[in-house]
Amino acid sequence: MKYGIHWKLFALIVSLLLVFVLIQQMLFALNGEDLLFPTIFSFIIIALLAHLLLKRYLLLFHEDFQKPQEETNRQLTNTVQNISREKDYLQTVLRGMAEGVLVVDARGRIRMVNESLKKLFPLPKEVVDRTLLETIRNAELEKAIRQAIQEGTDSAFEFVLPTSLGKCFDVNVVPIPSSQNTDQGTRKVEGAMAVFHDISRLKELEKIRQDFVANVSHELRTPLTTIKGYAETLLEGALKEEVAIPFLQVIKRQTDRLTKMVEDLLTLSKIESKELSLNLTMILLSDLMEDVIAFMKEVASKRNISIFKGSMDPSLSVQADRDLLEQALINLLDNAVKYGRPNGQIILSAIQKDQDQILFSVKDDGIGIPKDDLPRIFERFYRVDKGRSQELGGTGLGLSIVKHIIQAHGGKIWAESQLGEGSTFHFTLPSFFRQESQVESGKIV
């Protein structure tokens, strides 16, 4: 195309020169020896012809050059738009990822981090073009990034955040290949990408599982050891002696403890199972309170503890599973009786917290709970005073069962306490149960 345009321009110039010479010679032949007039007249004619021919030439130039140039510009525009769309798509994907993403160039300088990584890590405000050791001080991560860039190798490892947050990540590091090849024919590496999967929750669940297995083993071993020891003593000849009856009573007491523990474990398993269906009814809370207090009256009287019903609206009601809600209140009252002050009192109350929620409270004036233990009292088998808990016959599962019953109804539970002054357990329930508010049983721990 370019050479065609040049030849047309050259042909036009030569043609104009020839016409100029021809007109000048004709006018010179007609005018005699005067050269000025033929030259000026020829120049005017050639200028007019050049003007007309240049217009035509520009049209040809537009057809031969401008149209292909416009096509090139259009293709370039489309390419830029496609790249921009791909970039926006990539940014959207990275923003939507729960995993943290870190990209570095061949120099080990950070080129990009997504929003999730900024939430997972306490990063500086500006991280672009900084080194890893300036932002995330971890030698193993820096080594993995360096190997990915220099050797082109993938790597995976666990990374524990060295802060009070205690977060744990599963990190995958991969090289970013270039479109060019090295002298050896291998693909060049222009950077590396690290993906951070937050596995803190999985680690926490694994620890809870390990603690649960260890606690169950310990709780079962103690009564089983007692039963075995007393049974062996009886078999060795003490069956006909006077100690036989007390020994059998100990065996029965320990057997009852094991039975209660197994029943509590089965109850907890049932509440946590996805197959649990709540038998929802409208419950008049004043009647429920009286039934629960009457049930616990005999147990409380052994320690001269009085249970009172706090002031409440006689018409206050809630939609819940009566059996499960009754069990939750009995467990809380039983806990308050065990750790309450002799000759003390327990107040059971319920008030309308707002239009949609009812607040329940069980308050005692007992020994109280240390502040450091409050966050863990709803864990399975967790005991503040292990010796006293076993002496009182508890299984260590009562509060955990209460927590899961309340969560199954879409409520929340917490405790407040002051050492030497007593404890108050609070929980809320929606006035009308909504199925979408129910906690997924499989996720309760």
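Residues numbered from 1 in each chain as written. Predicted model: local features only at pLDDT ≥ 70, side-chain atom pairs only at ≥ 80, totals over all residues. Heavy atoms only, no water.

1. A few points about the packing of helix α8 (residues 285-301) against helix α9 (residues 322-339)
Helix-helix packing: each pair is described by the crossing angle between the helix axes and the interaxial distance.
Thinking step 1. In contact at an axis separation of 10 Å, α8 and α9 are set at 40° when each is read in the N-to-C sense. By the angle class used here, α8 and α9 are oblique. Handedness of the crossing formed by α8 with α9: right-handed. Facing α8, whose interface residues are D287, L288, D291, V292, F295, M296, V299 and A300, α9 presents R322, L325, E326, L329, I330, L333, D334 and V337.
Thinking step 2. Across the contact of α8 with α9, the residue classes break down as eleven nonpolar, no polar and five charged. (Axes fitted to C-alpha atoms, helices over the stretch in contact; angles between N-to-C directions. Helix = DSSP H or I, 4+ residues; strand = E, 2+ residues; numbered from the N terminus. Parallel < 35°, antiparallel > 145°, perpendicular 65-115°, else oblique. Left-handed = near helix turned anticlockwise from the far one by under 90°. Contact = heavy atoms within 4.5 Å. Nonpolar A, V, L, I, M, F, W, Y, C, P; charged D, E, K, R; others polar.)

2. Some remarks on the nonpolar core
Thinking step 1. Judged by nonpolar contacts, the single largest core of 50 residues is most densely connected at L285, V318, F360 and F427.
Thinking step 2. In contact with F427, not counting residues within four places along its chain, are L325, L329, L332, I358, L359, F360, I406, K412, I413 and W414.
Thinking step 3. In this structure, V104, I110, A144 and I149 belong to the second largest nonpolar core, which totals 25 residues. (Core = buried A, V, L, I, M, F, W, Y, C linked by side-chain atoms within 4.5 Å. Buried < 20%, exposed > 50% of the residue type's maximum accessible area, 1.4 Å probe, protein only.)

3. So, the pattern of salt bridges
Side chains carrying opposite charge are able to pair once their charged atoms draw close together.
Thinking step 1. The final tally for this structure, using the stated rule, is 13 salt bridges.
Thinking step 2. Among the ionic pairs, D105 bridges to R107, the shortest N-O distance being 3.2 Å.
Thinking step 3. Assessed through its relative accessible area of 59%, R107 is described here as exposed.
Thinking step 4. Of the charged contacts, one joins E142 and R146 as a salt bridge, the two residues approaching to 2.5 Å between their closest N and O atoms. Remark: R146 and E142 occur in helix α5 (residues 139-151); sequence separation between them is four residues, near one turn of the helix.
Thinking step 5. Residue classification places E142 among the partly exposed positions, given a relative accessible area of 25%.
Thinking step 6. A cluster of three or more residues bridged by salt bridges with shared partners is formed by D105, R107, R111 and D129. (Salt bridge = Lys/Arg side-chain N within 4 Å of Asp/Glu carboxyl O.)

4. A look at the sheet that holds strand β7 (residues 306-309)
Thinking step 1. Judged by pairing direction, the sheet is mixed, and its five strands sit side by side in the order β7-β9-β10-β12-β11 without closing on themselves. Edge positions in the open sheet fall to β7 and β11 (412-418), since each of these has one partner strand only. Here the average twist between neighbouring strands, direction ignored, is 15°.
Thinking step 2. Relative to strand β9 (residues 345-352), β7 runs parallel, the two sharing four bridges. Bridged to F308 within β9 is I347. (Pairing = 2+ DSSP bridges.)

5. Thoughts on unusual backbone geometry
Thinking step 1. The backbone of D129 sits at a positive phi, close to 75°, despite the residue not being glycine.
Thinking step 2. For D129, a relative accessible area of 37% corresponds to the partly exposed category.
Thinking step 3. A positive phi angle is found at N304, which is not glycine, with a value near 55°.
Thinking step 4. Tracing the chain through its elements places N304 in the loop between α8 and β7.

6. Quick look at α9
Thinking step 1. Taking 1.5 Å of rise per residue, 18 residues should cover 26 Å, and α9 covers 26 Å from first to last C-alpha, within 8% of that figure.
Thinking step 2. Buried residues dominate α9, accounting for 13 of its 18 residues.
Thinking step 3. Structurally, the start of α9 carries an N-cap: the backbone nitrogen of D323 is 3.2 Å from a side-chain oxygen of D321. (Expected span 1.5 Å × (residues − 1). Polar contact = N/O pair within 3.5 Å; in protein donor to acceptor, adjacent residues only side chain to side chain.)

7. So, the packing of aromatic side chains
Thinking step 1. The full count for this structure, using the stated rule, is four aromatic pairs.
Thinking step 2. An angle of 5° between the planes, with centres 4.6 Å apart, marks the rings of F360 and F427 as stacked. Of the two residues, F360 is situated in strand β10 (residues 357-364) and F427 in strand β12 (residues 422-430); the sequence distance between them amounts to 67 residues. Of the two residues examined, F360 and F427, each falls in the buried class. (Phe/Tyr/Trp six-rings, centres within 6.5 Å; stacked < 30°, edge-to-face > 60°.)

8. Description of the environment of T233
Thinking step 1. Considering the arrangement of structural elements, one finds T233 in helix α6 (residues 200-235).
Thinking step 2. Using a relative accessible area of 31% as the deciding quantity, one classes T233 as partly exposed.
Thinking step 3. For the pair T233 and F247, spaced 14 residues apart in sequence, the C-alpha separation works out to 8.7 Å.

9. Considerations on the pairing of strand β2 (residues 110-113)
Thinking step 1. As paired strands, strand β1 (residues 100-105) and β2 are joined by three bridges and run antiparallel to one another. Opposite L102, over in β2, you have V113 as the bridge partner.
Thinking step 2. Between the end of β1 and the start of β2, which pair antiparallel, lie four residues, with G108 showing a positive phi angle near 85°.

So, to be careful, I would describe these as geometric facts and stop short of saying anything about function.
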